[in-house]
Amino acid sequence: MRAATHRLRIAQVAPLYESVPPARYGGTERVVSYLTEELVSRGHDVTLFASGDSRTRARLVPGVPRALRLDAGCRDPLARHLLLLERVFEAAESFDLIHFHVDYLHFPLSRRMQTPQMTTLHGRLDLPDLVPLYREFSEMPLVSISSAQRVPIPDAGWIGTVPHGLPPASLRFGEGRGGYFAFLGRIAREKRLDRAIEIARRAGRRLLVAAKIDPADAEYHEREIAPLLTDPHVTFLGEIGEEDKSAFLGEAEALLFPIDWPEPFGLVMIESLACGTPVIAYRGGSVEEVLEDGRTGFLVSSIAEAIDAVRRLPSIDRRQCREAFERRFTVERMAGDYERLYERIVQARGAGRPPQPPRLAAAPRVAEAV
């Protein structure tokens, strides 16, 4: 950690679905937490707009008493988020910069305010409805979490790419002696747990599944996944918390990540690398940016290729997986990338001009905008 070059008054605006950090599953809120705490350590004055059950050393402004996923009485999460944004914009002049993590919800309001702001997009962008929206709000400063995430809307207002980062001490190195493969994430069609179950079965390995079931995926789970969880080689653990991840991932022989969608980043991949555990992943989206084929895992395109990768797992040095994480995916690197963007946006606004894309090398540092 280093002291900030310029102490900034920064607002971080998180979604309200999970606390910051989340009690169990929740990628966006976890990244917001890591970033917020690191910025505080660097001497910035940080205000976090999030659910009231969040835990932070920053100044917390609660949008709701507790995370919406835990609030059975919440029927309209959009209404709660609009009220949160009203609180943010009421206080906008108190900040040097506002960093949004709530997709495009704030764009019409941001267009009409003077405080410098930027948005990190955490989700998929390959939806046709998004093209005219980002064309209309082309002046919004956007940050991607991978180069692949930008592909569907290359002409949006990109100012940089900042891959996710984790605190090195948050996950421990493991020896991978548990004799099982791990699956960690959501039970959703695009995550393809069914593929992971088949890969493990054909490879003769146990599969431990630590997964969340969202209400939107409940029918898919009951119809297509639940019958597969009765297979004798599969153990379903449900959701696990941060305190259990090191043991779960660190003792796994490999993490299976057989996705079937354009993955924007894949936080679980770097969590696995932090534990020294290689990843067998289907190609798609950011996967080829995160993994080094043959060094930190294997990139595959079929179950047959995944089975072949299983045979080659002994060639992976688990220490190299941890080293790759420490070199490319720490919270210190992530926060430093964001600091450079913050300072450039604030300086550009002070000079009366929009921020320009950085002239920097490709990931893992902030990438040059396309």
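The shown structure was predicted, so the numbers you read here are calculated from the model rather than taken from an experiment.

What follows deals with the environment of Phe-183. With respect to the helices and strands, Phe-183 occurs in strand E8 (residues 180–186). Judged by its relative accessible area of 3%, Phe-183 falls in the buried class. Spatially, the C-alpha atoms of Phe-183 and Val-268 are 9.3 Å apart, while their sequence positions differ by 85 residues. Ignoring any residue separated from it by four or fewer positions in sequence, one finds Phe-183 in contact with Lys-191, Leu-193, Ala-196, Leu-207, Leu-208, Val-209, Ala-210, Ala-211, Phe-248, Leu-255, Leu-256 and Pro-258.

So, about the sheet that holds strand E9 (residues 206–212). An order of E10-E9-E8-E11-E12-E13 is seen for the six strands of this open sheet, with the pairing classed as parallel. Only two strands of the sheet have a single neighbouring strand rather than two, namely strand E10 (234–236) and strand E13 (297–300). For this sheet, the mean inter-axis angle between neighbouring strands, taken without regard to orientation, is 20 degrees. Pairing geometry for E8 and E9, over seven bridges, is parallel. Across the sheet, the residue bridging to Phe-181 is Leu-207, located in E9. Across the face of the sheet, helix H5 (residues 193–203) comes into contact with E8, E9, E10, strand E11 (254–257) and strand E12 (279–282) while running at roughly 165 degrees to E9. Along the sheet, helix H10 (residues 303–311) makes contact with E8, E12 and E13, crossing E13 at roughly 160 degrees.

Moving on to the packing of H5 against H10. Angle between the axes and distance between the axes: these two values describe a pair of packed helices. Two elements in contact, H5 and H10, have axes separated by 10 Å at closest approach and are oriented at 50 degrees. In terms of their interaxial angle, H5 and H10 are classed as oblique. Viewed along their axes, H5 and H10 form a crossing whose handedness is right-handed. Side by side, H5 and H10 meet where Glu-198, Ile-199, Arg-202 and Ala-203 of the first sit next to Ile-303, Ala-306, Ile-307 and Val-310 of the second. A class-by-class count of the residues in the contact of H5 with H10 yields six nonpolar, no polar and two charged.

This part takes up the environment of Arg-201. Within the secondary structure layout, Arg-201 lies in helix H5. A sequence separation of 31 residues divides Arg-201 from Pro-232, and the C-alpha atoms of the two residues are 9.4 Å apart.

Ranked by size, the top nonpolar core spans 86 residues in total, and within it Phe-181, Leu-193, Leu-207, Ile-280, Leu-291, Tyr-338 and Tyr-342 carry the most contacts. Of all hydrophobic cores here, the second largest spans 18 residues; its members include Leu-84, Leu-85, Val-102 and Met-113.

With that out of the way, let us pick up the side chain of Asp-45. Here Asp-45 lies in strand E2 (residues 45–50). Within the local environment of Asp-45, its side chain forms a polar contact with the side chain of Arg-59, the two groups lying 3.3 Å apart. When sequence neighbours within four positions are dropped, the list of residues in contact with Asp-45 reads Arg-7, Leu-8, Arg-9, Ile-10 and Arg-59.

Another aspect to go through is the pattern of salt bridges. All told, the structure shown has 36 salt bridges when counted by the stated rule. With its nearest N and O atoms 3.3 Å apart, the salt bridge here joins Glu-242 to Arg-30. Taken together, the residues span a long stretch of sequence, with Glu-242 in helix H7 (residues 242–250) and Arg-30 in helix H1 (residues 27–41) at a distance of 212 residues. On the accessibility criterion, Glu-242 (19% relative accessible area) is buried. As a salt-bridge pair, Glu-292 and Arg-327 come within 3.4 Å of each other at their nearest N and O atoms. With Glu-292 in the loop between helix H9 (287–290) and E13 and Arg-327 in helix H11 (residues 318–328), this pair connects stretches of sequence that are 35 residues apart. For Glu-292, a relative accessible area of 22% gives the class partly exposed. Accessibility expressed as a relative area gives 41% for Arg-327, which makes it partly exposed.

What follows deals with the packing of helix H8 (residues 267–274) against H11. Look at H8 against H11: their axes get within 7 Å of each other, and the N-to-C directions meet at 120 degrees. Considered as vectors, H8 and H11 are oriented oblique to each other. Within the contact between the two elements, H8 uses Ile-270, Leu-273 and Ala-274 and H11 uses Cys-321, Arg-322 and Phe-325. Its residues assigned to classes, the contact of H8 with H11 shows five nonpolar, no polar and one charged.

On to H11, then. Turning to H11, its buried residues number three or more, namely Arg-318, Cys-321, Arg-322, Ala-324, Phe-325 and Arg-328. An end-on view of H11 places all buried positions within 155 degrees of arc, on one side of the element. Among the residues of H11, the N-terminal cap falls to Asp-317, whose side-chain oxygen and the backbone nitrogen of Arg-319 are separated by 2.8 Å.

Okay, the packing of aromatic side chains next. As enumerated under the stated definition, the model contains seven aromatic pairs in all. A ring pair is formed by Phe-107 and Tyr-134, whose centres lie 5.9 Å apart and whose planes are at 80 degrees; its orientation type is edge-to-face. Residue Phe-107 is found in helix H3 (residues 107–110), and its partner Tyr-134 is found in helix H4 (residues 130–136); the two are separated by 27 residues along the sequence. Across the pair, Tyr-134 and Phe-107 agree in class, each one buried. Between Phe-107 and Phe-137, the aromatic rings sit 5.5 Å apart at their centres with planes inclined by 50 degrees, giving tilted as the arrangement. In this pair, Phe-107 is assigned in helix H3 and Phe-137 in the loop between H4 and strand E6 (142–144), connecting sequence segments 30 residues apart.

Calculation notes
- All residue numbers refer to positions counted from 1 along the written sequence of the respective chain.
- In keeping with the model being predicted, local features are shown solely for residues with a pLDDT of at least 70 and side-chain atom pairs are shown and tallied solely at 80 or more, while totals for entire chains, interfaces and linings include all residues.
- The basis for the side-chain values is all heavy atoms of the structure; hydrogens and waters are excluded.
- Secondary structure elements are taken from DSSP: a helix is a run of H or I of four residues or more, a strand is a run of E of two residues or more, and numbering for both begins at the N terminus.
- Relative accessibility thresholds used throughout: buried, under 20% of the residue-type maximum; exposed, over 50%; partly exposed, between the two (1.4 Å probe, protein chains only).
- In this analysis, two residues are considered to be in contact whenever any of their non-hydrogen atoms come within 4.5 Å of each other.
- Strands are treated as partners if at least two bridges between them are detected by DSSP.
- Every axis in this analysis is a line fitted to C-alpha atoms, fitted for helices over the stretch in contact. Angles between the N-to-C directions lie between 0 and 180 degrees.
- Any angle that is under 35 degrees is reported as roughly parallel, and any over 145 degrees as roughly antiparallel; angles of 65 to 115 degrees are reported as roughly perpendicular and all others as oblique.
- The sense of a crossing depends on the near helix, which, turned anticlockwise from the far helix by less than a right angle, makes the crossing left-handed and, turned clockwise, makes it right-handed.
- Throughout, the ten residues Ala, Val, Leu, Ile, Met, Phe, Trp, Tyr, Cys and Pro are labelled nonpolar, Asp, Glu, Lys and Arg are labelled charged, and all others, Gly among them, are labelled polar.
- By convention a nonpolar core is built from buried Ala, Val, Leu, Ile, Met, Phe, Trp, Tyr and Cys residues, the set being connected through side-chain atoms within 4.5 Å.
- Pairs of N or O atoms are called polar contacts if they sit within 3.5 Å, as long as, within protein, a hydrogen donor faces a hydrogen acceptor (for residues adjacent in sequence, only side-chain-to-side-chain pairs).
- Salt bridges, as used here, are contacts in which a Lys or Arg side-chain nitrogen is within 4 Å of a carboxyl oxygen on Asp or Glu.
- The directions from the helix axis to the C-beta atoms form the arc being described.
- Classification of ring pairs uses Phe, Tyr and Trp, with its six-membered ring standing for Trp, and accepts pairs whose centres are within 6.5 Å; under 30 degrees between planes counts as stacked, over 60 as edge-to-face, and the remaining range as tilted.

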